[in-house]
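The residues making up each chain are set out below.
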Amino acid sequence: MNDDISRKIHARAKLLMDARCAAPDLNFADADSDAEVRRQVVSAVLGDKFVVGRTDDYVLASFDYIVEEGKVAPYRAPVVPRPVRRH
């Protein structure tokens, strides 16, 4: 029984470490399941179209791809309006 709990804790910790590397700006404190963590990461790195309407297995495969390839969520700089120059 203790080995099973240890394995689950180790797997969750590895998932969270991989998720933090791929999407350092996300907060996983409210994520209730591993699938939810994976969905957040895939959405942040690849976009919502890789999550919406997709199965957990598809999201898992996408998450594994992100981790194996070292993909990272793009930095999203704030949009700052600039004055328009007219000639």
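Keep in mind it's a predicted model, so treat the numbers as computed, not measured. (Residues numbered from 1 in each chain as written. Predicted model: local features only at pLDDT ≥ 70, side-chain atom pairs only at ≥ 80, totals over all residues. Heavy atoms only, no water.)

Could you clarify how one ought to interpret the packing of aromatic side chains in this entry?
Aromatic ring pairs are reported here in terms of the distance separating the ring centres and the angle at which the planes meet. The final tally for this structure, using the stated rule, is zero aromatic pairs. Its guanidinium or amino end placed over the ring of Tyr58, Arg54 lies 4.4 Å from that ring's centre, counting from NZ or CZ. (Phe/Tyr/Trp six-rings, centres within 6.5 Å; stacked < 30°, edge-to-face > 60°. Lys NZ or Arg CZ within 6 Å of the ring centre and 35° of its normal.)

Sorry, what's going on with the packing of helix H2 (residues 34–46) against helix H3 (residues 56–69) here?
For any two helices packed against each other, the geometry is given by the interaxial angle and the distance between the axes. Contact pair H2 / H3: the axes reach a minimum separation of 9 Å and the direction vectors enclose 60°. Put simply, H2 runs oblique to H3. Seen from above, H2 lies across H3 with left-handed handedness. In this structure, H2 uses Ala35, Arg38, Arg39, Val41, Val42, Val45 and Leu46 to contact H3, whose residues at the interface are Asp56, Val59, Leu60, Ser62, Phe63 and Ile66. Class assignment of the residues belonging to the contact of H2 with H3 gives a composition of nine nonpolar, one polar and three charged. (Axes fitted to C-alpha atoms, helices over the stretch in contact; angles between N-to-C directions. Helix = DSSP H or I, 4+ residues; strand = E, 2+ residues; numbered from the N terminus. Parallel < 35°, antiparallel > 145°, perpendicular 65-115°, else oblique. Left-handed = near helix turned anticlockwise from the far one by under 90°. Contact = heavy atoms within 4.5 Å. Nonpolar A, V, L, I, M, F, W, Y, C, P; charged D, E, K, R; others polar.)

That is the geometry; function is a separate question.
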